[in-house]
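As a plain string of letters, each chain reads:
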Amino acid sequence: MAKQRKVSNLLALAVLSTLAQGPMHPYEIANALRAWGKDQDMEIKWGSLYTVVRNMDKHGLIAAVESVREGRRPERTIYRITDAGRAEMVDWARELVSAPMREHPRFRAGLSVLSVLHPDEATALLRQRLDLLEDNITAARDALTDYTRTIPRLFLVESEYDLAMQEAEAAWIRSLLTELTSGTYPGLDTWRTFHETGEIPAELAERTRTTE
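Criteria and cut-off values
- Residues numbered from 1 in each chain as written.
- Predicted model: local features only at pLDDT ≥ 70, side-chain atom pairs only at ≥ 80, totals over all residues.
- Heavy atoms only, no water.
- Helix = DSSP H or I, 4+ residues; strand = E, 2+ residues; numbered from the N terminus.
- Rg over C-alpha atoms; globule rule 2.2 N^0.38 Å.
- Buried < 20%, exposed > 50% of the residue type's maximum accessible area, 1.4 Å probe, protein only.
- Contact = heavy atoms within 4.5 Å.
- Areas by Shrake-Rupley, 256 points an atom, 1.4 Å probe, with all protein chains shown as cover.
- Lys, Arg positive; Asp, Glu negative; His and termini not counted.
- Charge placed at Lys NZ, Arg CZ, Asp CG, Glu CD.
- Core = buried A, V, L, I, M, F, W, Y, C linked by side-chain atoms within 4.5 Å.
- Salt bridge = Lys/Arg side-chain N within 4 Å of Asp/Glu carboxyl O.

**Student:** Describe the overall build of the protein, naming the residues involved and giving the relevant values.
**Tutor:** Along the backbone of the protein there are 10 helices and 2 strands. Its helices and strands in sequence order give the protein the pattern α-α-α-α-β-β-α-α-α-α-α-α, from N to C terminus. Taking 17 Å as the expected radius of gyration for a compact globule of 212 residues, we find that the protein reaches 24 Å, considerably beyond that expectation. Seen along its three principal axes, the alpha-carbon backbone of the protein occupies a region of about 70 × 45 × 40 Å. Here the protein holds 212 residues, and the buried ones make up 28% of them. For the protein, contacts bridging at least 24 residues in sequence account for 60% of all contacts bridging at least 6. Accessible surface, the protein as shown: approximately 14,700 Å² in total, 52% of it carbon and sulfur. When the 27 basic and 32 acidic side-chain charges of the protein are each reduced to a single mean position, those positions are 9 Å apart.

Take a look at the structure:
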């Protein structure tokens, strides 16, 4: 079970990991996060950055070091990570790495209502997804190979995980497509009959009644 945190937005963790490199003002933090591709690792809403920073300052996870002004630009406050912030960062990382949590990918949501599509259309759409997924896998694999020439593997482990998840999804879709195209998928005839006649088959109607 996830811990209740003073600032629960994952952007706060990204900010802490950035400030662990040294003091920065929010504009520098945003540039660093973009340069490191952190918006690919977690959902980041850039418009909430300053709100998150203020909340972190309020709860003692970061602290203002100084305010600077360059020319006519607005004054910028430079922040550093505090001991409490460093402890929070480490504890949060431990939780994310060690404790599995239920997530809700969009693909899973689509699969949960796959029955609303005719099986032929579902098959075509899954093939389309697989084609795109295989293109993404090839691009990701090539990029990872290039990165490993200059970047230590420790800083690419999240990219390895992403590639492994895409490969696992592709393998599962291929298996499903084999069942659908060979006609061995359980209940395929019932699924097809429902779409072609508009009538709910008796076995599905019975299941609906038993779950009410």
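**Student:** Can you explain the nonpolar core? Please cite residues and give values.
**Tutor:** Counting 24 residues, the largest nonpolar core has Leu 11, Val 15, Leu 16, Leu 19, Met 56 and Ile 62 as the members making the most contacts within it. The set of elements that each furnish at least two residues to this core consists of α1 (10–19), α2 (26–35), α4 (49–58), β2 (76–81) and α5 (83–98). Here this core gets 7 residues from one element, more than from any other, and that element is α1. Those residues in contact with Leu 11 that lie beyond four places of it in its chain are Leu 33, Ile 44, Lys 45, Ser 48, Leu 49 and Val 52. One finds Leu 114, Leu 177, Leu 180 and Trp 191 within the second-largest nonpolar core, a separate group that totals 17 residues.

**Student:** I'd like a description of the pattern of salt bridges, backed by residues and values.
**Tutor:** When the charged atoms of two side chains with opposite charge come close together, those side chains can pair. Throughout the structure, instances matching the rule amount to 10 salt bridges. The residue Arg 5 makes a salt bridge to Asp 91 at a minimum N-O spacing of 3.1 Å. Here Arg 5, found in the segment before α1, pairs with Asp 91, found in helix α5; they are 86 residues apart in sequence, far enough to count as distant. Its relative accessible area of 12% is what places Arg 5 among the buried residues. Taking the relative accessible area as the measure of exposure, Asp 91 reaches 23% and is therefore partly exposed. With its nearest N and O atoms 3.0 Å apart, the salt bridge here joins Glu 134 to Arg 174. Of the two residues, Glu 134 is situated in helix α7 (residues 119–147) and Arg 174 in helix α8 (residues 157–182); the sequence distance between them amounts to 40 residues. Exposure remark for Arg 174: the relative accessible area of 37% places this residue in the partly exposed category.

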